[in-house]
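Summary of structural features
So the chains spell out like this:
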Amino acid sequence: MRLRPRLVSARFRMLPDFMIIGTQRAGTSSLYRYLADHPDVVGSLRKETEYFGREHWRGETWYRAHFPLHARRKRTFEATPTYLSYPAAAARIHAALPSIRMIVMLRDPVDRAFSHHQHLVRLGHEDLGFAEALEVEERRAADHLAAALADPATPDDVRAVLDAGPQSGAAAFAPFSYTERGLYAAQLRIWFSHFPPSRFLVLRFEDLIRDPRLTLDAITDFLDLAPLGDRDWPNYSYRHGHAPASTDPELPAELRRELVRHFEQPNDELASLLGREAPLWP
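One structure accompanies this document, and this report is about it. From a predicted model like this one, the values you see are computed outputs, not experimental measurements.

Reading guide: rules and limits
- Residues numbered from 1 in each chain as written.
- Predicted model: local features only at pLDDT ≥ 70, side-chain atom pairs only at ≥ 80, totals over all residues.
- Heavy atoms only, no water.
- Salt bridge = Lys/Arg side-chain N within 4 Å of Asp/Glu carboxyl O.
- Helix = DSSP H or I, 4+ residues; strand = E, 2+ residues; numbered from the N terminus.
- Buried < 20%, exposed > 50% of the residue type's maximum accessible area, 1.4 Å probe, protein only.
- Phe/Tyr/Trp six-rings, centres within 6.5 Å; stacked < 30°, edge-to-face > 60°.
- Lys NZ or Arg CZ within 6 Å of the ring centre and 35° of its normal.
- Axes fitted to C-alpha atoms, helices over the stretch in contact; angles between N-to-C directions.
- Parallel < 35°, antiparallel > 145°, perpendicular 65-115°, else oblique.
- Left-handed = near helix turned anticlockwise from the far one by under 90°.
- Contact = heavy atoms within 4.5 Å.
- Pairing = 2+ DSSP bridges.

For the structure on display, the rule yields 18 salt bridges. When the shortest N-O distance is used, the salt bridge between Asp 37 and Arg 231 registers 3.3 Å. Placement of the pair is Asp 37 in the loop between helix H1 (28–36) and strand S2 (41–43) and Arg 231 in the loop between helix H10 (212–222) and helix H11 (253–274), with a sequence separation of 194 residues. A relative accessible area of 43% means that Asp 37 is categorised as partly exposed. A salt bridge links Asp 143 to Arg 139; the shortest N-O distance between them is 3.4 Å. With Asp 143 and Arg 139 both in helix H6 (residues 137–150) and 4 residues apart, this pair spans about one turn of that helix.

Turning next to the packing of aromatic side chains. For the structure on display, the rule yields 18 aromatic pairs. Judged by centre distance (5.1 Å) and plane angle (45°), the ring pair of Tyr 32 and Phe 77 falls under tilted. Of this pair, Tyr 32 sits in helix H1 while Phe 77 sits in strand S3 (residues 75–79), placing them 45 residues apart in sequence. The exposure classification of Tyr 32 matches that of Phe 77, with both residues buried. Between the aromatic rings of Trp 191 and Phe 200, the centroid separation amounts to 6.4 Å while the plane-to-plane angle is 85°, which identifies the pairing as edge-to-face. Residues Trp 191 and Phe 200 agree in their burial class; the two are buried. Through pairs of rings, three or more aromatic residues link up here, namely Tyr 51, Phe 52, Trp 62, Tyr 63, Phe 67 and Tyr 83. Across the ring face of Phe 176, the terminal group of Arg 140 is positioned such that the distance to the ring centre comes to 3.8 Å. The side chain of Arg 231 reaches across the aromatic face of Trp 233, ending 4.9 Å from its centre.

Another aspect to go through is the packing of H6 against helix H7 (residues 156–163). Axis separation between H6 and H7 bottoms out at 10 Å; the angle between their running directions is 140°. Classed by the angle they form, the pair H6 and H7 counts as oblique. Relative to H7, the crossing made by H6 is left-handed. Facing H6, whose interface residues are Leu 145, Ala 148, Leu 149 and Ala 150, H7 presents Arg 159, Leu 162 and Asp 163.

Here we take up the pairing of S3. Where burial is concerned, most of S3 is hidden: 5 out of the 5 residues are buried. Neither face of S3 is exposed, since Arg 75, Phe 77 and Ala 79 on one face and Thr 76 and Glu 78 on the opposite face are all buried. Two strands pair when backbone bridges link them, and strand S1 (residues 18–22) and S3 are joined in this way by 3 bridges, in the parallel orientation. Looking at S3, one finds that Phe 18 is bridged to Phe 77. Strand direction decides the pairing type here: S2 and S3, joined by 3 bridges, are parallel.

In structure tokens, the structure reads:
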């Protein structure tokens, strides 16, 4: 309901000049709130518009309605962490916003996968245990992609990426893609084929948790904004900014070791792609 009255003034509204594109379960809710609190920034009406993903059919007027009027003379942005793995998002964003800058928050893919699974369990979308879900992840992804290709409602640009096969990174598009969404190099290569790497600031979730001020200083410098300064940094992944006492199970040590081995080469590829001398995670 909040969006409908804004449709009338959509043509007078801004489009974002930066956005957070990923990844899921990596602190993007908190990061959105921190940046939206900046005095020179106004966030989108809701954090995740998903316009360059599954909501693209709604059109630009609908998208513009999420942002402030030009008269505000502020910077504006949105944060949709599924963009990083959405098949057509990079091409769509390049066509609409060729000068945009993007923030990519990445998390140790082992911890990200487990957090992703626990999140879907809490939402009631996942019935399988984590180990069992990993065993059937490839089959589930294949079934999902086959259904998307068979669905006449699937947009042509999405269909073209899905048709391109495994090298397109399409498997990360599937809802239960716990490990595929941690293959960050494969996803970023698609984005780097549309934008120069200088348009991206790639950060680690672990650094945001360890030292929010230092991470936010890097972001404001990248965006040519004044620093946010000293303040509290609540965890906005949870209601009211405070994490409840955890009832999630621990990731079994042997399964963690298996996943560390699984991600060793992809993490090396990511470091090479980003010009880092060492992997982002051991």
